[in-house]
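Chain by chain, the residues:
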Amino acid sequence: RDLKGSLTNQLEQIAAAHGGRVPLHGRLFAQWLHYAFPRECPFPHKAGTANVLTPTEFGSGYIAKEEEMKEHAAAVNTSNFSAVAPGEEQQQWMSQWSAEEELIADYTASGLRAPWESSGRLTWYGGALLLVVALFGAVGSGRKAGSGSSLLPMHGKTHFV
């Protein structure tokens with residue numbers, strides 16, 4: 001799909017508001033996705049402004065009858081969509097755009113990090129454990145086999161038949 005015109009301008013404005021980067025988990029980018037792909041991406045309403053209702057909450061007549069669908073389709077086919085001037089079409093189409101950003105979460109303020117971004121504490125503990133195991137191995141191998149004072153069982157010459 002070729003995205004030109006007001007959509008690319010809106011994406012540049014989103015990036016300009018965030019220091020040249022577009023936050024992928026923000027409401028503005030979700031809104032841009034909705035305008036770029038209206039059937040694939042739902043409109044991201046501002047927090048607290050929309051209530052979700054299930055179809056059954058509208059009553060028993062929430063499914064349209066075939067006659068109603070045909071009437072609706074016929075009315076759409078006879079309507080005059082050329083009443084809008086070509087230059088005004090994009091302005092009217094983007095009239096619902098809202099520049100209010102809502103980020104889902106600020107992960108840096110909450111202290112959450114990816115495992116590879118840890119402070120190194122786990123690496124330090126792992127290194128210390130490895131050092132302790134290596135010391136026990138060095139102490140154990142320095143003693144004569146069969147002396148009885150080794151931490152690990154050491155046998156002299158053992159032959160299995």
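Structure: see above.
Before going into details, it helps to say that this report is about the structure given with it. Bear in mind that the values here come from a model prediction, so they are computed numbers and not experimental data.

**Observations regarding the pattern of salt bridges**
So, point 1. Scanning the entire structure with this criterion turns up two salt bridges.
So, point 2. The salt bridge partner of lysine 46 is glutamate 100, with a shortest N-O separation of 3.2 Å. Here lysine 46 is found in the loop between helix H2 (27-36) and helix H3 (66-78), whereas its partner glutamate 100 is found in the loop between helix H4 (86-93) and helix H5 (107-110), with 54 residues between them in sequence.
So, point 3. The partner of lysine 70 in a salt bridge is glutamate 66, with the nearest N and O atoms 3.4 Å apart. Of the two residues, lysine 70 and glutamate 66 are both situated in helix H3; the distance of four residues between them amounts to about one turn of the helix.

**Digging into a nonpolar patch on the surface**
So, point 1. Where nonpolar side chains cluster on the molecular surface, the patch consists of Leu53, Phe58, Tyr62 and Ile63 and spans about 460 Å² of accessible area.
So, point 2. Note that isoleucine 63 resides in the loop between H2 and H3.
So, point 3. In this structure isoleucine 63 comes out as exposed when scored by relative accessible area, which is 60%.

**Details of the packing of aromatic side chains**
Aromatic ring pairs are reported here in terms of the distance separating the ring centres and the angle at which the planes meet.
So, point 1. Under the counting rule described, the total for this entry stands at two aromatic pairs.
So, point 2. An angle of 10° between the planes, with centres 5.9 Å apart, marks the rings of phenylalanine 29 and tryptophan 32 as stacked. A residue pair is termed a helical-turn pair when its members lie 3 or 4 positions apart in one helix, as phenylalanine 29 and tryptophan 32 do in helix H2 at three residues.
So, point 3. Classification of phenylalanine 29 as buried rests on a relative accessible area of 15%.
So, point 4. Tryptophan 32 sits in the buried class, given a relative accessible area of 7%.
So, point 5. Judged by centre distance (5.7 Å) and plane angle (40°), the rings of tyrosine 35 and tryptophan 97 are tilted. Remark: tryptophan 97 occurs in the loop between H4 and H5 and tyrosine 35 occurs in helix H2; sequence separation between them is 62 residues.
So, point 6. The buried category is assigned to tyrosine 35, whose relative accessible area is 6%.
So, point 7. Owing to a relative accessible area of 17%, tryptophan 97 belongs among the buried residues under this scheme.

Criteria and thresholds
Residues numbered from 1 in each chain as written. Predicted model: local features only at pLDDT ≥ 70, side-chain atom pairs only at ≥ 80, totals over all residues. Heavy atoms only, no water. Salt bridge = Lys/Arg side-chain N within 4 Å of Asp/Glu carboxyl O. Helix = DSSP H or I, 4+ residues; strand = E, 2+ residues; numbered from the N terminus. Patch = residues over 30% accessible without salt bridge, like charges linked within 9 Å, V, L, I, M, F, W, Y side chains within 5 Å. Areas by Shrake-Rupley, 256 points an atom, 1.4 Å probe, with all protein chains shown as cover. Buried < 20%, exposed > 50% of the residue type's maximum accessible area, 1.4 Å probe, protein only. Phe/Tyr/Trp six-rings, centres within 6.5 Å; stacked < 30°, edge-to-face > 60°.

Any functional reading would require information beyond the geometric quantities listed.
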